[in-house]
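Listed here are the chains, written in short residue letters.
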Amino acid sequence: MSDLLKTKLSRRRVLQAAAVGAAGIDPALRALAYAQGSDKPEKEEVKIGFIPLTDCASVVMASVLGIDKKYGVKIVPNKEASWAGVRDKLVNGDLDMAHVLYGLVYGVHLGLSGPKKDMAVLMTLNNNGQAITLSKKLADKGAVDAPSLAKLIAKEKGDYTFAQTFPTGTHAMWLYYWLASAGIDPFKDVKNIVVPPPQMVANMRIGNMDGFCVGEPWNQRAIMDGIGVTAITTQDIWKDHPEKVLGCTADFVKKYPNTARAVTAAILEAGQWIDAGLQNKNKMAETIADKSYVNTSVDAINQRILGRYVNGMGKSWDDPNFMKFYNDGAVNFPYLSDGMWFLTQHKRWGLLKAHPDYLKVATEINRIDIYKQAATATKTPVPASPMRTSKLMDGVVWDGKDPAKYADSFKVKA
């Protein structure tokens, strides 16, 4: 018996596990088999890229808390400067995996805005927790939400510039959906630019843009710095929307399936740990605020992760749909319908010229097989269906049943 086995399992536990027999494998033995036996990770050190955002937390905490070791891997978080940089490093193999925008992975798979390479989504890292910020200057003119912004644009002609973080990414799609809900065409009525998340606040401060969509903590930071207000949170665009994923190339999963499963399991467990309570969330905020991760003050992170919101215009509220990393496993399943939704928006805005085979593309990318193995290892509940139904801010229901019809149904589109 190895030293590791002696440490992890008492003799009694081994006997209990043996007694379980055909009825099922003891989870501690299973984790050990994953780490040591036939399921041993083929690649033990895994470089995972991340962008300085609150939702990189489960990747960082899996490493900091040593949860990765339990599954026989060592996660090495790599701080990156931009989503374009993350894309390039994933494609050329400088990174093994990344905390990455859902739509970016789909964009690379289809060769939209950059190199084309077969990609994989292993799990969803978080739901909710992004927002749209408008400049103080716009708010002072009465533009505090989409309808009042539309009125201002109609009344005061001029150049209005909005920033998102990557052309096929989540923030671009939330921003466009929100603007279009008030009849604002994101390509004709305003100018839109790409700015990396950590640079949003600095760019708004010097007047480079009138609004942006980004993940936390940068919306909260804009309020704290007195330069912006929160017009809407993304959970108010789509409650429990998919956001960042654990992404890698299809080649990586093919070459290192056990590693893919082990890393997914470790990050699942880290998400479980974060969502377990206030104390863990505060510890997470303190950890990721550090300059090697998000590089901001703890108070820019620790309010909104608990659902404590202020909008910078005197309103405060408790939001039950704050950023979630696990939520009893509801967060993490890589639903095919989630991936397909991003494709419908890529088609809506002309990034895709023709309708793809929506279901086929999502089935190629979202590795439900790997996820289910990791879910078993972490005792994470798995939904009965790979599709889910959601109602977005405009009352329109998305269920993945007729994606082409859905994509074509919008009044404002390219």
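For the structure, check the block above.
Definitions and limits used
Residues numbered from 1 in each chain as written. Predicted model: local features only at pLDDT ≥ 70, side-chain atom pairs only at ≥ 80, totals over all residues. Heavy atoms only, no water. Salt bridge = Lys/Arg side-chain N within 4 Å of Asp/Glu carboxyl O. Buried < 20%, exposed > 50% of the residue type's maximum accessible area, 1.4 Å probe, protein only. Helix = DSSP H or I, 4+ residues; strand = E, 2+ residues; numbered from the N terminus. Contact = heavy atoms within 4.5 Å. Phe/Tyr/Trp six-rings, centres within 6.5 Å; stacked < 30°, edge-to-face > 60°. Lys NZ or Arg CZ within 6 Å of the ring centre and 35° of its normal.

Draft legend 1. The pattern of salt bridges, seen in detail. Overall, the coordinates contain 17 salt bridges when judged by the stated rule. Close ionic contact of Arg-87 with Asp-88 constitutes a salt bridge, the shortest N to O distance being 2.9 Å. Measuring nitrogen to oxygen at the nearest pair gives 2.8 Å for the salt bridge that ties Glu-243 to Lys-244. What makes Glu-243 buried here is its relative accessible area of 0%. Through salt bridges that share partners, Asp-55, Glu-243 and Lys-244 make up one connected network.

Draft legend 2. Representation of the side chain of Asn-321. Residue position: Asn-321 is located in the loop between strand 12 (316–318) and helix 17 (336–348). Residue classification places Asn-321 among the buried residues on the basis of a relative accessible area of 15%. The contact partners of Asn-321, leaving out residues within four places of it in the chain, are Asn-128, Gln-235 and Lys-239.

Draft legend 3. Fine view of the packing of aromatic side chains. Under the counting rule described, the total for this entry stands at 19 aromatic pairs. Relative to Tyr-106, the ring of Tyr-102 lies with its centre 5.9 Å away and its plane at 50°, an arrangement referred to as tilted. Residue Tyr-102 and its partner Tyr-106 are located together in helix 7 (residues 102–110), separated by four residues, close to a single helical turn. Between the aromatic rings of Tyr-177 and Phe-410, the centroid separation amounts to 5.7 Å while the plane-to-plane angle is 80°, which identifies the pairing as edge-to-face. In this pair, Tyr-177 sits in helix 10 (residues 170–181) while Phe-410 sits in the segment after helix 20 (403–408), placing the two residues 233 residues apart along the sequence. By the burial criterion, Tyr-177 is buried, and Phe-410 matches it. A connected cluster of aromatic rings, assembled from ring pairs, spans Tyr-102, Tyr-106, Trp-174, Tyr-177, Trp-238, Trp-341, Phe-342, Trp-398, Tyr-406 and Phe-410. The ring of Phe-322 carries Lys-324 above its face, with NZ or CZ at 5.0 Å from the centroid. Its end group placed over the ring of Phe-410, Arg-348 keeps NZ or CZ at 3.9 Å from the ring centre.

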